[in-house]
Amino acid sequence: MIKVNSLVIYKNNAALVTEDAGNGKFTVKYRSTPATQTKPAVYSTQNVRTKDIILLHEGPVTSLEKALEFSEKECPKEDDMYKLDQNNQIFLKLAECYELLDSDDESRSAEYGFEELTSLFYGTPKADETWGLYCSIKNTLFFMQNLKAQMEGKILFTLRTKEEMDTMVKKAKEKGMEAQIRAEFIERLKKRKLLPEDSIFMGDVEALAQGKTDKSRTMHDANLKESPEKAHKLLLETGLWDITRNPYPLRWGLSTKSATEGLSSPPEEDRTEIPGFSYAIDNEGSTDPDDAVAYDGKYLWVHIADPASTVMPDSSIDKAACQRGATLYIPEGAARMLCEDCLEDYALGLKEKSRALSFRILLNSDGGIEECQVMKTIVNVKRLTYQEADKIKDSDELKPLFDIARKNIERRSKSGAVQITMPEIQIRLEGEEKKVVITNHPHTESSEMIREMMLLAGEGAAKFAFRNNIPFPFVSQEAPTIPEDIPEGLAGQFRLRRCMRKRNVGVTPGMHSGLGLALYSQVTSPLRRYSDLIAHQQLRAFIDGKKLMDKDTMLMKISEGDAGAMAAKKAERNTNMHWTLVYLLQNPDWTGEAICVDNTQKLPQFSIPSLALETYIGITGISLNEKICVKVLKIDLSELSVEFQKI
């Protein structure tokens with residue numbers, strides 16, 4: 001019978017009944033926090049129901065502290081459960097009791113209550129001793145408690161067989177060996193001296209470095225900060241990763257492989273066949289040309305690849321493209337938004353005739369857009385590199401395009417367009433050893449011409465959509481606040497860039513001040529930008545008289561696609577910085593020119609054009625656009641940081 005000063009079990013701990021709280025409830029005292037070398041034990045009280053506690057002894061108990069003291073001083077410890085050769089007196093009595101009971105088949109299969117079993121190996125215990133004796137039975141392998149009976153408020157034990165005990169001892173030893181092996185590994189890890197077989201323990205470190213998880217047991221056990229950067233650093237220091245391992249696409253949740261679901265062949269539908277040739281002008285080595293341009297004496301034609309002819313809204317391909325947001329372009333290769341195999345059917349100029357969604361633009365005398373029509377077409381496309389196009393820029397076919405581009409630049413400039421030219425580089429990897437080659441990106445006249453053609457197409461599409469009340473992904477940008485004292489040279493370009501506001505993509509049209517355009521949308525890259533693809537889906541639906549996506553649906557798709565596209569941009573930026581630092585590590589004697597672009601801060605900021613990289617260098621008395629020669633002082637690849645010094 002439970003009464004005041006009875007010893008009971010509460011939540012597997014010893015507890016002392018201190019008060020009968022009435023209504024079938026008792027107040028119990030229990031130790032909530034054991035004592036440490038620096039802090040005393042903490043005791044708590046709780047009102048509990050009868051069914052929540054199990055009676056060990058009616059009492060009276062001297063004190064809970066006395067009951068716990070006997071258990072901790074006189075009884076077998078839980079840590080020694082798998083030791084069958086203890087010298088503890090209570091353990092030896094339990095062993096004798098077990099041997100006695102195990103010799104009899106009937107006793108071997110019987111269940112024993114706590115008091116019955118205690119009387120066999122110990123006699124009649126005092127109240128202060130019962131918790132310790134209960135723990136002693138639990139802390140040896142000889143007996144197994146019936147947990148189902150415990151849940152019903154009963155304490156019953158059965159004998160374990162010798163085979164069961166042997167198996168448990170063996171597993172404990174194996175577990176102990178595993179713990180010892182891991183402890184030795186952690187010590188080697190702290191010294192950064194791993195054995196080849198230690199790689200099996202580093203999977204969680206790799207997962208953290210790749211952003212697949214935010215925890216690492218290994219780094220925690222080694223007292224290391226658990227972050228992707230620190231995990232990357234550890235993998236480099238231990239030699240499990242070499243410097244060419246790029247973790248950033250995976251860290252941003254991106255696949256490094258192209259989409260796999262194939263597009264259907266382009267449908268047979270009415271298309272206008274455009275006479276003559278149009279020109280797809282791109283970088284050398286481009287494999288996904290998605291635009292071509294021509295001028296027929298009256299109209300400017302901008303032809304764009306037409307994957308929206310088969311990629312339907314909310315199809316599985318459309319959803320996968322939305323998740324990616326954009327094609328990921330990194331030096332290791334392109335991970336395409338749409339599958340690689342679709343290029344032959346949908347890229348322009350890879351077949352004798354190409355299907356396109358074309359923007360037929362009529363220009364006024366000022367170079368502005370008088371009219372824009374959107375048409376499904378078949379075009380004959382010739383491919384040129386920028387360098388090839390520059391050589392024939394005065395030809396009858398291309399000269400009108402260059403003239404239109406120059407006039408468009410003038411028109412946009414009058415409307416406040418801000419033209420910024422910053423150093424650009426191309427990064428290429430060579431061979432299995434991934435040797436990094438960095439070259440400056442050439443600025444060609446034809447690349448500027450194509451840029452203007454694409455801007456005209458984007459402006460024309462936005463005007464077409466606005467005029468026809470089509471929910472559309474309009475791109476806008478607030479006007480920058482540009483000070484009057486913009487310096488010349490690269491420092492001026494840097495200052496202008498800092499003045500620019502963030503662009504916005506939404507269903508509400510607005511001024512794109514950076515481009516000097518009242519209406520603008522991006523429509524020229526549906527093979528590699530999701531916002532362009534959904535713009536094409538809307539334009540085709542309008543042309544065909546089909547139901548349009550409403551503004552809310554369009555806004556949701558814009559938001560989802562933009563999230564993927566931003567992740568791709570950040571992964572590309574991190575990746576390019578990674579390979580730039582790898583290039584410097586591969587070329588330790590590198591030196592280069594740095595140009596001061598800002599001297600208003602504590603440390604002046606420099607641009608290194610040959611690396612398209614900006615950095616702070618601790619020197620004084622430097623003028624804007626002043627050039628110095630620098631070399632690398634320190635590189636931390638895992639943190640994507642590099643320090644330079646003047647030479």
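Anything mentioned here points back to the structure above.
Residues numbered from 1 in each chain as written. Predicted model: local features only at pLDDT ≥ 70, side-chain atom pairs only at ≥ 80, totals over all residues. Heavy atoms only, no water.

Draft legend 1. Looking closely at the sheet that holds strand β8 (residues 156–159). Pairing within the open sheet is antiparallel, and its three strands lie in the order β6-β8-β7. In the strand order of this sheet, the two ends are held by β6 (112–113) and β7 (143–145), each with one partner. Pairing of β6 with β8 involves two bridges; the strand directions are antiparallel. Counterpart to Gly-113 in the pairing with β8 is Leu-156. Lying on the sheet, helix α2 (residues 89–102) is in contact with β6, β7 and β8; it crosses β7 at an angle near 90 degrees. (Pairing = 2+ DSSP bridges. Helix = DSSP H or I, 4+ residues; strand = E, 2+ residues; numbered from the N terminus. Contact = heavy atoms within 4.5 Å. Axes fitted to C-alpha atoms, helices over the stretch in contact; angles between N-to-C directions.)

Draft legend 2. Local environment of helix α15 (residues 399–414). For α15, which comprises 16 residues, the first-to-last C-alpha distance of 23 Å matches the rise-based estimate of 22 Å (1.5 Å per residue) to within 8%. Along α15, the residues that are buried comprise Leu-401, Phe-402, Ile-404, Ala-405, Asn-408, Arg-411 and Arg-412. In the core, the buried residues of α15 are packed alongside β10 (291–295), β11 (299–305), β14 (354–363), α14 (386–391) and α16 (445–467). The first or second residue beyond α15 is Gly-416, which carries a positive phi of 95 degrees. (Expected span 1.5 Å × (residues − 1). Buried < 20%, exposed > 50% of the residue type's maximum accessible area, 1.4 Å probe, protein only.)

Draft legend 3. Seen up close, the pattern of salt bridges. This model, assessed by the stated rule, comprises 47 salt bridges. With a shortest N-O distance of 3.1 Å, Glu-269 and Lys-376 are connected by a salt bridge. Here Lys-376 lies in strand β15 (residues 369–385) and Glu-269 lies in the loop between α11 (248–251) and β9 (272–282), a separation of 107 residues in the sequence. Among the residues examined, Lys-376 registers a relative accessible area of 13% and is labelled buried. Here the residues in one salt-bridge network are Glu-269, Arg-271, Asp-306, Lys-376, Arg-540 and Asp-544, joined through shared partners. (Salt bridge = Lys/Arg side-chain N within 4 Å of Asp/Glu carboxyl O.)

Draft legend 4. Quick peek at the side chain of Ser-286. By secondary structure assignment, the location of Ser-286 is in the loop between β9 and β10. Residue Ser-286 is classed as buried on the basis of its relative accessible area of 15%. One polar contact links Ser-286 to Asp-282, side chain to side chain, over a distance of 3.1 Å. (Polar contact = N/O pair within 3.5 Å; in protein donor to acceptor, adjacent residues only side chain to side chain.)

Draft legend 5. Looking closely at the packing of aromatic side chains. One pass over the full model with this rule turns up twelve aromatic pairs. An angle of 40 degrees between the planes, with centres 5.4 Å apart, marks the rings of Phe-91 and Phe-142 as tilted. Linking Phe-91 in helix α2 with Phe-142 in the loop between α5 (130–138) and β7, this pair joins segments that are 51 residues apart in sequence. Both residues of the pair, Phe-91 and Phe-142, count as buried. Relative to Phe-201, the ring of Phe-185 has its centre 4.6 Å away and its plane inclined at 25 degrees; by these criteria the two rings are stacked. Taken together, the residues Phe-185 in helix α7 (residues 162–190) and Phe-201 in the loop between α7 and α8 (203–209) connect sequence positions 16 residues apart. Among the aromatic residues, those joined into a cluster by ring pairs are Phe-91, Tyr-98, Phe-142 and Phe-143. Lys-29 extends its terminal NZ or CZ atom over the ring of Tyr-43, reaching a point 5.0 Å from the ring centre. (Phe/Tyr/Trp six-rings, centres within 6.5 Å; stacked < 30°, edge-to-face > 60°. Lys NZ or Arg CZ within 6 Å of the ring centre and 35° of its normal.)

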